[in-house]
Structures are given as structure tokens and as C-alpha cells.
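Each chain, written out:
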Amino acid sequence: LGRYAEAIVGFQQAEALFTAMHDRRGMASCAINLSAVAIHQENYPLAEKYAHTALTLAGGLNSPLFEAAALGNLAEAELYLGAPDSAIAHLNEALDLRRRQNLPPEDSATDLSFLAIAYLHAKDMSHAQHMVDELLELYAAKADTIYEPQRVLWAAAQTCRSLEQS
């Protein structure tokens, strides 16, 4: 809906309440959401800041899913801030956390899509191609259950186009 400024105010109010209650899980959730909203606003330095906060809070909670979400947001911010190698490392860490939780593969489609794009930014075409092969196989099997399946197709299109040009 594009009402990001309102979302930020709401999450900041919730964050203040969770902070007053010393509720680290609530604080981590707010930081993850604030990072995501900052990404949608293309405010990548702010997204990176909130992702680091979320990661610190999530680490103290022993919550792999919160850690994975924070790492995914951090990686996306890093990618657009021109640090694809850091983004790749953080996405691989997030994916490892998700796999250890035995989540269905389609739950990792967003991170896999960004990993393909990060490999493109790092000029690692063989890994980018491998990721796209994995993504398209996943899409063929689970398109109905992938959150934002257009990300998979976008990553595949960008990768295929880049491979044709290289």
C-alpha cells in the first residue's frame, strides 16, 4: 500500500513499548520489520542499522527464525549498499539456519533469489547459474506456496540476461 512512513511510526511505537517491558522478542520483531520497511523505502543504511539491531536481539533469544530474517534483511541492505560478498555470506548463514529448522524449501525462496542476485553483483556467474537452476526447480514444484514467487522469476530473468551478456 506504500504507507511506509506510517508503518515506521507504528513499529517505533511498538518498539518503545517492548523496550519498556524488556521484551527482547518484541524488540527483535520490531527491528526486523523496521528493517524491512526501510528496504521498501530504499533507505539501505537505515535497513542495515535495524537489521544489525535485530540480529543482536535475535541472537540473545536463541531464535533461528528471527536470526534468519534479520540476516536476510541485512544481506539485502548490504547488496544494495555495494557489498555483495557480505550479502552472500549473510544469505548463506540465513539459509543454513532455515535448513536446520527443517523448513520447507519454498520458505527460503526469497533468500535464494537474493543470493542469485548477489552472485551476479559479485560477478560469480557459475554460482548465480546454480542458484537459478535451484530456484527454477523449486518454482516448478512449489510455485503455489512460494511467498512472492515473482522474486524467483525476477532473479532468474536477471541472471539469464546477465549470462547472455557475459
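Preceding this section is the structure that the text describes.
Definitions and cut-offs
Residues numbered from 1 in each chain as written. Predicted model: local features only at pLDDT ≥ 70, side-chain atom pairs only at ≥ 80, totals over all residues. Heavy atoms only, no water. Helix = DSSP H or I, 4+ residues; strand = E, 2+ residues; numbered from the N terminus. Expected span 1.5 Å × (residues − 1). Buried < 20%, exposed > 50% of the residue type's maximum accessible area, 1.4 Å probe, protein only. Arc of directions from axis to C-beta. Contact = heavy atoms within 4.5 Å. Phe/Tyr/Trp six-rings, centres within 6.5 Å; stacked < 30°, edge-to-face > 60°. Lys NZ or Arg CZ within 6 Å of the ring centre and 35° of its normal. 1 Å grid on protein atoms, 1.4 Å probe; cavity = no way out; pocket = protein on both sides within 12 Å on 5 of 7 lines; lining within 4 Å. Points joined across faces, edges and corners; volume = space filled by probe spheres on them. Nonpolar A, V, L, I, M, F, W, Y, C, P; charged D, E, K, R; others polar.

K.L.:
For this particular structure, what's the right way to read helix α7 (residues 125-142)?
P.N.:
Owing to its 3.6 residues per turn, the α-helix aligns residues three or four sequence positions apart on the same side. In this model α7 runs 25 Å from its N-terminal to its C-terminal C-alpha over 18 residues, within 8% of the 26 Å that 1.5 Å per residue would give. Buried within α7 we find Ala128, Met131, Val132, Leu135 and Leu138. When α7 is viewed along its axis, its buried side chains cluster within an angular range of 130° and face the same direction. When the buried face of α7 is taken as reference, the exposed residues oriented beyond 90 degrees from it are Ser126, Glu137, Ala140 and Ala141. Packed against the buried residues of α7 are α6 (109-121) and α8 (149-165).

K.L.:
I keep staring at the side chain of Ser35 and nothing clicks. Help me out?
P.N.:
Structurally, Ser35 is set in helix α2 (residues 24-40). If near-sequence neighbours (up to four positions away) are discounted, Ser35 is found in contact with Ala47, Tyr50, Ala51 and Asn73.

K.L.:
I'm lost on the packing of aromatic side chains in this one. Help?
P.N.:
The relation between two aromatic rings is expressed through the spacing of the ring centres and the mutual angle of the planes. Within this structure, the stated rule accounts for 1 aromatic pair. Above the face of the Phe66 ring, Arg25 is positioned so that its terminal group lies 5.3 Å from the ring centre. If you follow Lys49 out to its NZ or CZ, it ends over the ring of Tyr50, 4.6 Å from the centre.

K.L.:
Is there a simple way to think about the environment of Gln165 in this case?
P.N.:
When you line up the elements, Gln165 lands in helix α8. A residue is classified by how much of its surface remains accessible, and Gln165, at 58% relative accessible area, is exposed. A sequence separation of 130 residues divides Gln165 from Ser35, and the C-alpha atoms of the two residues are 33 Å apart.

K.L.:
I tried to follow the layout of surface pockets on my own but got confused; where do I start?
P.N.:
With a probe scaled to a water molecule rolled over the atoms, the places where space remains empty come into view. Computed from the structure, the largest pocket encloses a volume of approximately 850 Å³. Lining the largest pocket are 32 residues; nearest its centre among them are Asn73, Thr110, Tyr147, Glu148 and Arg151. The element best represented in the lining of the largest pocket is helix α4 (residues 64-80), accounting for 7 residues. Grouping the constituent residues of the lining of the largest pocket by class yields 16 nonpolar, 9 polar and 7 charged.

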